[in-house]
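Chains, contacts and geometry: an overview
Chain residues, written in single-letter form:
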Amino acid sequence: MKKWMWKLATILVIGVLALNPEAAALVMFVDAVGLDLFLLLIEVQLVAVSGYYFHTWFKPVLRPFYQYLLKVDPYFFIPTKDSVAKFPMILCHAVPFLMLLTIGFTVAKPVIDMT
């Protein structure tokens, strides 16, 4: 954002927090480090916590579905970050059954009865 927008946002946040006496320490901290660094600190914590919950709760639940899709769809796989950076179209393989449908529609010609 532009500098004047950050200044205005900082003044508004500090003003709202200053109205609450319990938030005096937070107001001084945000004023000292700046609003952009304060928001960056919050974002880093959110990313760390969401990564932890993804690896401990969601990944074990989704693993059997992933293994089943690997058995059923021969073109399904989740590409690595490096391969997506080199070849962005490889993300089509990460959508289940998309490549099967694409190949099926491309190869199979509909029979048109002209009689």
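Above: the structure in question.
Details of the packing of aromatic side chains
For the structure on display, the rule yields four aromatic pairs. Ring geometry for Phe-29 and Phe-38: centres 6.1 Å apart, planes at 75°, overall edge-to-face. Overall, Phe-29 belongs to the partly exposed group, its relative accessible area being 37%.

So, the side chain of Asp-73
Here Asp-73 shows up in the loop between helix 3 (35–72) and helix 4 (81–86). Buried Asp-73, no salt bridge; nearest opposite-charge side chain is Lys-71, N-O distance 15 Å. A distance of 2.8 Å separates a polar atom in the side chain of Asp-73 from the backbone nitrogen of Phe-97.

Quick notes on the packing of helix 1 (residues 3–18) against helix 2 (residues 24–33)
The contact between helix 1 and helix 2 brings their axes to 9 Å, and the two run at 165°. Classified by the interaxial angle, the pair formed by helix 1 and helix 2 is roughly antiparallel. The handedness of the crossing between helix 1 and helix 2 is left-handed. Facing Ile-14, Leu-17 and Ala-18 of helix 1, the residues of helix 2 in contact are Leu-26, Val-27, Val-30 and Asp-31.

Considering the nonpolar core
Considering soluble globular proteins, one finds that nonpolar side chains tend to be buried as a cluster. If you look at the biggest cluster of nonpolar residues, it comprises five residues: Ile-14, Val-27, Val-30, Leu-35 and Phe-38. Sorting the residues of this core by element identifies helix 2 and helix 3 as the ones contributing at least two each.

Calculation rules
- Residues numbered from 1 in each chain as written.
- Predicted model: local features only at pLDDT ≥ 70, side-chain atom pairs only at ≥ 80, totals over all residues.
- Heavy atoms only, no water.
- Phe/Tyr/Trp six-rings, centres within 6.5 Å; stacked < 30°, edge-to-face > 60°.
- Buried < 20%, exposed > 50% of the residue type's maximum accessible area, 1.4 Å probe, protein only.
- Helix = DSSP H or I, 4+ residues; strand = E, 2+ residues; numbered from the N terminus.
- Lys, Arg positive; Asp, Glu negative; His and termini not counted.
- Salt bridge = Lys/Arg side-chain N within 4 Å of Asp/Glu carboxyl O.
- Polar contact = N/O pair within 3.5 Å; in protein donor to acceptor, adjacent residues only side chain to side chain.
- Axes fitted to C-alpha atoms, helices over the stretch in contact; angles between N-to-C directions.
- Parallel < 35°, antiparallel > 145°, perpendicular 65-115°, else oblique.
- Left-handed = near helix turned anticlockwise from the far one by under 90°.
- Contact = heavy atoms within 4.5 Å.
- Core = buried A, V, L, I, M, F, W, Y, C linked by side-chain atoms within 4.5 Å.

Nothing here speaks to function; it is geometry throughout.
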